[in-house]
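These are the residues of each chain, in order.
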Amino acid sequence: MNNPQINIDWDAIFMTMAFAAARASRCVSRNVGVVITQDNHVIATGANNTPADTTKCDALFPPKTDPKFNRGEHHEFSNDHEVHAEMNAMLSLLGRGGYDLRRATLYSTLKPCANCLKHIIEVGIPRVVYAEDYDLGGYGPYMNRMIFESDIQLEYKPILNEDLLVKTALDINHANEIYAQIIKNQKTRQ
Ligand SMILES: [Zn+2]
Ligand SMILES: [Zn+2]
């Protein structure tokens, strides 16, 4: 079965799944999806949401496009009550008895925030792949030092493309937003 002619792009496959996982997010501001794998098998998925069985963001706030959407109020709510996709995925493993993540890869549709990243480092995940980079300025000197010291591998891989969008049936407005940002980022990097 091991055909050397077939070149499987596991990163693309798992990032596609991460975009699919993002669809479970009920945050009105951003939908982030995460897949954690080991030896090319998915061991956990996550999306940004309030904890299981509690009132979701979209039941409390109007859509981001609604003029009544209050960015500051949502931001405060989100900080205190919404669990980021990375944490959601890692905590789901803890809730199921735990898992040694020291050989795992974490795929996220969005670059992990500093808070998630320190927890990813703490559990020992050695590799993170993300599809969208929201700030090209990076993490700041302390986090950069932590990244260097921990030896974590952070890969920005904008593998999202039209084909992937069709496969994941991603919300087209959100997808276009991400895609435009990716193109912009690529141009900035050249
Ligand atoms: Zn939200
Ligand atoms: Zn985060």
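About the cut-offs
Along each chain, the written sequence defines residue order, and numbers are assigned to residues from 1. Just so you know, chain letters begin at A and ligand numbers begin at 1, following the order they were written in. Side-chain atom pairs in this predicted model are given and counted only at pLDDT of 80 or more, local residue features only at pLDDT of at least 70, and totals for whole chains, interfaces and linings cover all residues. The helix count covers DSSP runs of H or I at least four residues long, the strand count covers runs of E at least two residues long, and both are numbered beginning at the N terminus. Strand pairing follows a simple DSSP-based rule, namely that at least 2 bridges must link the two strands. Once C-beta atoms are placed from the backbone, each residue is buried if 20 or more other C-beta atoms lie within 10 Å of its own, exposed if 12 or fewer, and partly exposed for counts between those two. Note on contacts: residues are paired as contacts if their backbone-placed C-beta atoms lie within 7 Å. In this analysis, axes come from line fits to C-alpha atoms, helices being fitted only over the stretch in contact, and the angle between any two N-to-C directions falls in the range 0 to 180 degrees. Just so you know how the angles are binned, under 35 degrees is roughly parallel, over 145 roughly antiparallel, 65 to 115 roughly perpendicular, and the rest oblique. By the definition used in this description, the sense in which the near helix is turned from the far one sets the handedness, with an anticlockwise turn below a right angle giving left-handed and a clockwise turn giving right-handed.

Caption draft 1: Structural context of the environment of D133. With respect to the helices and strands, D133 occurs in the loop between β4 (127-130) and α6 (141-150). Between the alpha carbons of D133 and P112 there is a distance of 9.0 Å; along the sequence they are 21 residues apart.

Caption draft 2: Summary view of the pairing of strand β2 (residues 41-47). Note: strand β1 (residues 33-38) against β2, six bridges, orientation antiparallel. Bridged to V35 within β2 is T45. Connecting the antiparallel pair β1 and β2 is a turn made up of two residues, with D39 showing a positive phi of about 50°.

Caption draft 3: Focus on helix α4 (residues 85-95). Of the residues making up α4, those classed as buried are A85, E86, N88, A89 and M90. At its buried positions, α4 is contacted by β1, β2, β3 (105-108) and α5 (114-123). A positive phi of about 105° marks G97, the residue just after α4.

Caption draft 4: Layout of the sheet that holds β4. Strands sit in the order β2-β1-β3-β4-β5 across an open sheet of five strands; the sheet is mixed. A single partner strand is all that each edge strand has here, and the edge strands are β2 and β5 (153-156). Between one strand axis and the next, the sheet turns by 15° as a mean value, whatever way the strands run. Pairing of β1 with β3, which is carried by four bridges, proceeds in the antiparallel orientation. Residue pairing across strands places I36 opposite L106, the latter belonging to β3. Strands β1, β2, β3 and β4 of the sheet are contacted by helix α1 (residues 10-22), whose axis makes an angle of about 140° with β1.

Caption draft 5: Quick look at the packing of α5 against α6. As a packed pair, α5 and α6 sit with axes 11 Å apart at the nearest point and diverge in direction by 20°. Between α5 and α6, the angle falls in the class roughly parallel. Relative to α6, α5 is oriented so that their crossing is left-handed. When α5 is examined against α6, the residues A114, L117, K118 and I121 are found in contact with a partner set consisting of M143, M146 and S150.

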